[in-house]
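Listed here are the chains, written in short residue letters.
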Amino acid sequence: MSYCLADSADALAGPAWGAAPPPWAPGRREETHTMTHAYTDGDAGGQGTWCMAEVDIFCDLSEQEMAAIAEAAPMKTYGAGEILHSPDQPSEVLFILKKGRVRVFRVSADGRALTTAIITPGTIFGEMVLLGQHMYDNYAEALDDVIVCVMSRADVNRLLLSDARIAARITAILGRRLAELEQRLSDSVFKTVAQRVATTLGTLTAAQPPAGPLRPVGRHPQIALTHEQIAALAGTSRETCTKVLHDYADQGMIRLARGRITVLDAARLRDAGG
């Protein structure tokens, strides 16, 4: 799912959190220059290119090509709740998410946080004008323990944009994100809240990685997000979202648990999304 581009550069003027800033407040992010390789080529199992594996834009690169990119893109780990990007500490780097989930959100002047996207593994994101990637006044927060590869502007130009295969895939990704953004805007105007919640659940379910021998899953897909996070993605209040979710649970489409939603009937959920 792509993140919505925010348009207010002054959204954080006069923050309301006072002397005790929350974890996502400005100044609470580690500086980019302190990033170090989380793994080295000497690690067991070929960890030097581990971050590049299974990422679509690198799908047909040779081991030598992936090794060159891995050398220029050190892996960085973040714990759940840590901030990867903050508008008050901008840095023009490209993140390649390998493991975990990242929440992209913006904060209003009165301190309310609005989630605009949940980034899943294999996705590129970050502040990179060269690629048409803009974070503007958005934050990026690790929802789980996260591993990312970090590339500078110079290395993106040298290693990614200079390769016609990768450049074409990046262009396709940006095109899909624009289409998704247009669809979200259309949904916000023409769909009811219940339809938007169903559409959001369907999108999150579809974004999950496929099952495989190394990634077994249960019979029913699960979404590990709170009602508040679902509400932020669907553009409604937590209270209204909770009511809609309970209605869907009563109809047997989903099962609710603390911090987790199990999708029992994806087809009916899609129909409910309109």
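Here the structure is shown first, and the text comes after it.
We now turn to the structure provided with this report. One numbering rule holds for all chains: residues counted from 1, following each sequence as written. Local features are withheld for residues below a pLDDT of 70 in this predicted model, meaning they are given only at 70 or higher, and side-chain atom pairs are given and counted only at 80 or more; totals for whole chains, interfaces and linings count all residues. Only hydrogens and water are removed before side-chain values are computed, so all heavy atoms of the structure are retained for them.

## Quick look at the overall build of the chain
For the purposes of this entry, the term helix denotes a DSSP run of H or I that reaches at least four residues, the term strand denotes a run of E that reaches at least two, and both are numbered from the N terminus. Counting its secondary structure elements, the chain contains seven helices and 11 strands. Here the chain, with 274 residues, has 42% of them falling under the buried criterion. The long-range share in the chain, meaning contacts at least 24 apart out of those at least 6 apart in sequence, stands at 72%. For every accessible area listed, the method is Shrake-Rupley and the probe measures 1.4 Å; residues are considered covered only by the protein chains on display. Of the roughly 13700 Å² of accessible surface on the chain, a fraction of 54% belongs to carbon and sulfur atoms. Classification of residues uses two cut-offs on accessible area relative to the type maximum, computed with a 1.4 Å probe and protein chains only: under 20% is buried, over 50% is exposed, and between them is partly exposed. In this analysis, two residues are considered to be in contact whenever any of their non-hydrogen atoms come within 4.5 Å of each other.

## Some thoughts on the packing of helix α4 (residues 193-206) against helix α5 (residues 227-234)
Look at α4 against α5: their axes get within 9 Å of each other, and the N-to-C directions meet at 105 degrees. Put simply, α4 runs roughly perpendicular to α5. For the pair α4 and α5, contact is made by Arg196, Val197, Thr200, Leu201 and Leu204 and by Ile230, Leu233 and Ala234, respectively. Counted by class, the contact of α4 with α5 contains six nonpolar, one polar and one charged residues. For helices, the axis comes from a line fit to the C-alpha atoms of the stretch in contact; other axes are also lines fit to C-alpha atoms, and the angle between any two N-to-C directions lies between 0 and 180 degrees. An angle counts as roughly parallel when it lies under 35 degrees, as roughly antiparallel when it exceeds 145, as roughly perpendicular when it falls between 65 and 115, and as oblique in every other case. Residues are grouped as follows: Ala, Val, Leu, Ile, Met, Phe, Trp, Tyr, Cys and Pro are nonpolar; Asp, Glu, Lys and Arg are charged; every other residue, Gly included, is polar.

## Focus on the packing of aromatic side chains
Aromatic rings in a pair are described by how distant their centres are and how their planes are angled relative to each other. Pairing of aromatic side chains here covers Phe, Tyr and the six-membered ring of Trp, requires ring centres within 6.5 Å, and sorts the geometry by plane angle: under 30 degrees stacked, over 60 edge-to-face, intermediate tilted. Tallied over the full model, the rule gives two aromatic pairs. Considering the side-chain rings of Phe95 and Phe125, the 5.2 Å spacing of their centres and the 25 degrees angle between planes classify their relative orientation as stacked. Placement of the pair is Phe95 in strand β3 (residues 93-99) and Phe125 in strand β6 (residues 124-126), with a sequence separation of 30 residues. Grouping residues by exposure puts Phe95 and Phe125 together as buried. Note on geometry: a ring has a charge over it if NZ (lysine) or CZ (arginine) is within 6 Å of the ring centre and within 35 degrees of the ring normal. Over the face of the ring belonging to Phe105 we find Arg103, whose NZ or CZ atom lies 4.0 Å from the ring centre.

## With respect to the sheet that holds strand β8 (residues 146-152)
Strand pairing in a sheet is mediated by backbone hydrogen bonds. Such pairs are either parallel or antiparallel. Paired strands are those between which DSSP finds at least two bridges. Strand order in the open sheet formed by four strands is β1-β8-β3-β6, with antiparallel pairing between adjacent strands. Either end of the sheet is taken by a strand with one partner, and the two such strands are β1 (75-78) and β6. Direction aside, neighbouring strands of the sheet carry axes that sit 40 degrees apart on average. Bridge count between β3 and β8: six bridges; the pairing is antiparallel. In the strand pairing of β8, Leu94 is matched with Met151.

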